[in-house]
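Here is how the chains run, residue by residue.
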Amino acid sequence: MSTTGDTATEMRSFQIEIPQEQIDDLRRRIAATRWPTKELVEDRSQGVQLATLRELARFWTTEYDWRTCEARLNALPQFTTEIDGAEIHFIHVRSRHENALPLIMTHGWPGSVVEFLETVGPLTDPTSHGGTPEDAFHLVLPSLPGYGFSGEPAELGWNAGRVARAWAELMHRLGYTRYVAQGGDVGAAVTDAMGRQAPQGLLGIHMNLLVTVLGGPQAAESEQERAATDQLATFRESGFGYFLEMATRPQTIGYALLDSPVALAAWLLDHDTDSYYKISRAFVGEPVLDLTQDSIVAEPAGNLSRENIVDNITLYWLTGTGASAARSYWEDGLALAQARASGQAPPAVSLPVGFTTFPGEIWRTPRSWVENSYPNVSYFSEVDRGGHFAAWEEPELFSAEVRAAFSSLR
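Residues numbered from 1 in each chain as written. Predicted model: local features only at pLDDT ≥ 70, side-chain atom pairs only at ≥ 80, totals over all residues. Heavy atoms only, no water.

### Here's the deal with empty space enclosed by the protein
- According to the stated counting rule, one finds three cavities of 30 Å³ or more in the structure shown.
- Computed from the structure, the largest cavity encloses a volume of approximately 110 Å³.
- If you trace the largest cavity, you find 16 residues lining it, with Glu115, Gly184, Asn208, His388 and Ala390 closest to the centre.
- When the residues that make up the lining of the largest cavity are grouped by side-chain class, the tally is six nonpolar, eight polar and two charged. (1 Å grid on protein atoms, 1.4 Å probe; cavity = no way out; pocket = protein on both sides within 12 Å on 5 of 7 lines; lining within 4 Å. Points joined across faces, edges and corners; volume = space filled by probe spheres on them. Nonpolar A, V, L, I, M, F, W, Y, C, P; charged D, E, K, R; others polar.)

And the structure:
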C-alpha cells in the first residue's frame with residue numbers, strides 16, 4: 001500500500017499495491033489446506049458445509065483475480081488520515097451535483113468497504129440510476145479501525161462509541177458542516193452511537209439492524225413482535241457462536257484466521273442462516289440452466305456473486321485483519337458490560353432516525369421496536385428482498401432506501 005502526505009491530520013491519498021508474492025503465498029496456503037471430513041448433516045447446523053468451501057477454494061486458486069478488485073478500489077478516490085492515534089482508510093466520492101448531501105456509511109463484520117462498491121454510483125450519481133439531482137450524496141466510506149486498510153488499534157478502547165467520535169472528526173476534517181450517517185451490523189452500532197453523541201453537523205441517521213435489542217428483551221405482543229422475538233431467540237441459541245467467540249476470545253480465533261485462508265473463509269461465511277445459504281448458492285446451490293452456455297451454473301442471490309464474496313475474504317486475508325477485526329466485538333462487549341454495571345442509560349437519540357427492515361435480516365425488526373428505541377422515527381420501511389448484507393446484496397434497493405430515509409433532511 002502507498003500513501004502520500006506529511007502531517008498526521010492531513011488527508012493522504014492512498015492506492016492499493018499488493019505484492020505478487022503475497023498472492024502467490026495465499027494460493028500455496030489454500031492448496032495446502034488440511035480438510036475435515038464432510039459434515040454429518042444435510043444443512044448448516046454443524047457449520048459451513050464442505051462442498052461450499054471446496055468449491056470456493058477451487059475458484060479462489062484457479063479462476064479468481066484479486067487485481068480486478070484492486071483496480072476497482074483504486075479507481076475510487078481513497079485516502080488515509082490519523083484520528084485519535086489510529087490510521088483510518090476511507091473512500092471519498094464527491095457527487096457532481098452541487099447540492100449533494102454528505103453521507104458517511106459504516107460497514108460491519110464480516111464485511112468491508114467492498115460491501116458498498118455497487119452503491120457508489122446510485123448514491124453519488126443518481127441521475128444515471130433512476131433518480132434526480134436532489135437525491136445525490138457526497139459519499140464517505142471509512143474502514144473500521146482494525147478492518148481492511150485502516151490501521152490496527154494499538155491500545156484498548158476502540159469500541160463503537162470511540163469510532164463514532166472518530167467519524168465525526170473525519171467529517172469535520174473533510175469540511176462538512178451538515179451530514180447524515182448510515183450503518184448496518186457493527187456499522188449500525190457506530191451509527192447509533194453517533195446519534196446519541198449528536199456531534200455538530202449530524203442531521204440524522206439511518207440503520208438496517210436494530211442493535212439496541214442486544215441490550216435487553218423487547219415487547220412480544222403483536223404477531224410481528226412475536227415472530228421477531230422467535231428469530232432473535234433462534235439466533236442466540238444456534239447462530240451466536242461467532243459473536244460469543246469474538247466478544248470473549250478474539251485472540252484465540254485470530255490465530256486460525258491469520259494462518260489459514262480457508263479457515264478465514266469459513267469463519268466469515270458462518271454468520272447467519274439467510275446470508276450463508278445465499279453465499280453458498282453462489283458456489284454450489286440452486287443450479288439454473290444458462291442457455292447461452294448450454295450448461296448448468298449457480299445463480300447468485302442479488303449481487304452476491306462468487307467474485308464479490310471472494311473479494312471481501314481476500315481483503316481480510318491480504319490486510320491480515322482477522323484478529324484485529326474480531327477484537328472490535330470484545331471492545332463493544334466490554335463497553336456494554338461497563339454500561340450495565342454503571343446503571344446509567346445511554347443518552348437518547350433526539351435526531352431524526354430512519355430504519356429499513358430487510359426480510360432476510362437475522363431478525364425482522366417491527367416498527368414498534370424501532371419506535372421503542374428511538375423517539376424520533378422519521379422514516380420506516382419494510383422491503384421485499386435483501387438480508388443482512390443489504391447494500392452488498394441489493395445495492396439499488398438499498399440506495400433507494402437511503403435516499404428516501406434522508407429526503408426530508410435536505
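Structure's up, so let's keep going.
### Looking at the packing of aromatic side chains
- Following the criterion strictly, the structure yields 18 aromatic pairs and no others.
- Ring centres of Phe235 and Phe240 lie 5.4 Å apart, and the angle between their planes is 90°; on these two criteria the pair is classed as edge-to-face.
- Its relative accessible area of 7% is what places Phe235 among the buried residues.
- Counting every residue linked through ring pairs, the aromatic cluster contains Trp109, Phe235, Phe240, Tyr242, Phe243, Tyr329 and Trp363.
- Over the ring of Phe59 we find Arg306; its NZ or CZ atom is 5.2 Å from the centre of that ring.
- The cationic tip of Arg410 hangs over the ring face of Phe137; the distance from NZ or CZ to the ring centre is 4.4 Å. (Phe/Tyr/Trp six-rings, centres within 6.5 Å; stacked < 30°, edge-to-face > 60°. Buried < 20%, exposed > 50% of the residue type's maximum accessible area, 1.4 Å probe, protein only. Lys NZ or Arg CZ within 6 Å of the ring centre and 35° of its normal.)

### Overview of the side chain of Gln78
- With respect to the helices and strands, Gln78 occurs in strand β3 (residues 78-83).
- Here Gln78 falls in the buried class, since its relative accessible area comes to 2%.
- Among the polar contacts made by the side chain of Gln78, one reaches the side chain of Asn74 at a distance of 3.1 Å.
- Filtering out sequence-adjacent residues up to four positions away, Gln78 remains in contact with Arg12, Ser13, Phe14, Gln15, Ile16, Leu73, His89, Phe90 and Ile91. (Helix = DSSP H or I, 4+ residues; strand = E, 2+ residues; numbered from the N terminus. Polar contact = N/O pair within 3.5 Å; in protein donor to acceptor, adjacent residues only side chain to side chain. Contact = heavy atoms within 4.5 Å.)

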